[in-house]
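Architecture and fold: a report
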Amino acid sequence: QVQLEESGGALVQPGGSLRLSCAASGIIFSDYVMAWYRQAPGKQRDLVALITGDSDMHYADSVKGRFTISRDNAKNTVYLQMNSLKPEDTAVYYCLARKFTTSYWGQGTQVTVSS
């Protein structure tokens with residue numbers, strides 16, 4: 001069974017940092033594009049960051065320079081390091097694994113940026 005489990009979400013003050021993790025099982029992890037999406041209440045789910053190989057990354061303009069995506073294939077885990085967090089970063093963050101036309105989603109982890 002394929003499972004993606006996000007962790008690391010929390011309440012953090014503006015300017016703070018968090019590191020999200022997504023552990024995958026049931027897939028050949030290295031064959032999949034991994035990505036982070038986020039969805040705020042009443043808004044669409046948007047791409048935050050994506051990684052294919054070890055150094056092929058893409059970021060949404062809103063997080064470029066603040067967030068870093070990385071993956072550890074030996075641990076079947078993708079990470080999202082989030083720095084200089086802003087209130088507008090508040091959302092449920094979802095992990096995605098995609099290979100061709102097949103996609104798997106995690107359950108999401110809540111990130112709240114507030115004073």
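This text follows the structure it describes.
Quick summary incoming for the structure in this document. (Residues numbered from 1 in each chain as written. Predicted model: local features only at pLDDT ≥ 70, side-chain atom pairs only at ≥ 80, totals over all residues. Heavy atoms only, no water.)

**With respect to the side chain of arginine 66**
- Turning to its location among the elements, arginine 66 is positioned in the loop between strand 6 (57-59) and strand 7 (67-72).
- By relative accessible area, which is 11% here, arginine 66 ends up buried.
- Among the polar contacts listed, one links the side chain of arginine 66 to the side chain of aspartate 89, at a separation of 2.8 Å.
- Excluding its chain neighbours within four sequence positions, the residues that come into contact with arginine 66 are Gln81, Met82, Asn83, Ser84, Leu85, Lys86 and Asp89. (Helix = DSSP H or I, 4+ residues; strand = E, 2+ residues; numbered from the N terminus. Buried < 20%, exposed > 50% of the residue type's maximum accessible area, 1.4 Å probe, protein only. Polar contact = N/O pair within 3.5 Å; in protein donor to acceptor, adjacent residues only side chain to side chain. Contact = heavy atoms within 4.5 Å.)

**So, the nonpolar core**
- Counting residues in each nonpolar core, the largest one holds 29 residues, and the members touching the most others are Met34, Trp36, Val78, Leu80, Met82 and Tyr93.
- Elements supplying a minimum of two residues to this core: strand 3 (18-25), strand 4 (33-39), strand 5 (46-51), strand 7, strand 8 (77-82), strand 9 (91-99) and strand 11 (109-113).
- Leave out the neighbours within four places in its chain, and methionine 34 touches Cys22, Phe29, Ala49, Leu50, Ile51, Ile69, Arg71, Val78, Cys95, Leu96 and Ala97.
- Ala35, Tyr37, Leu50 and Leu96 belong to the second largest nonpolar core, which has five residues in total. (Core = buried A, V, L, I, M, F, W, Y, C linked by side-chain atoms within 4.5 Å.)

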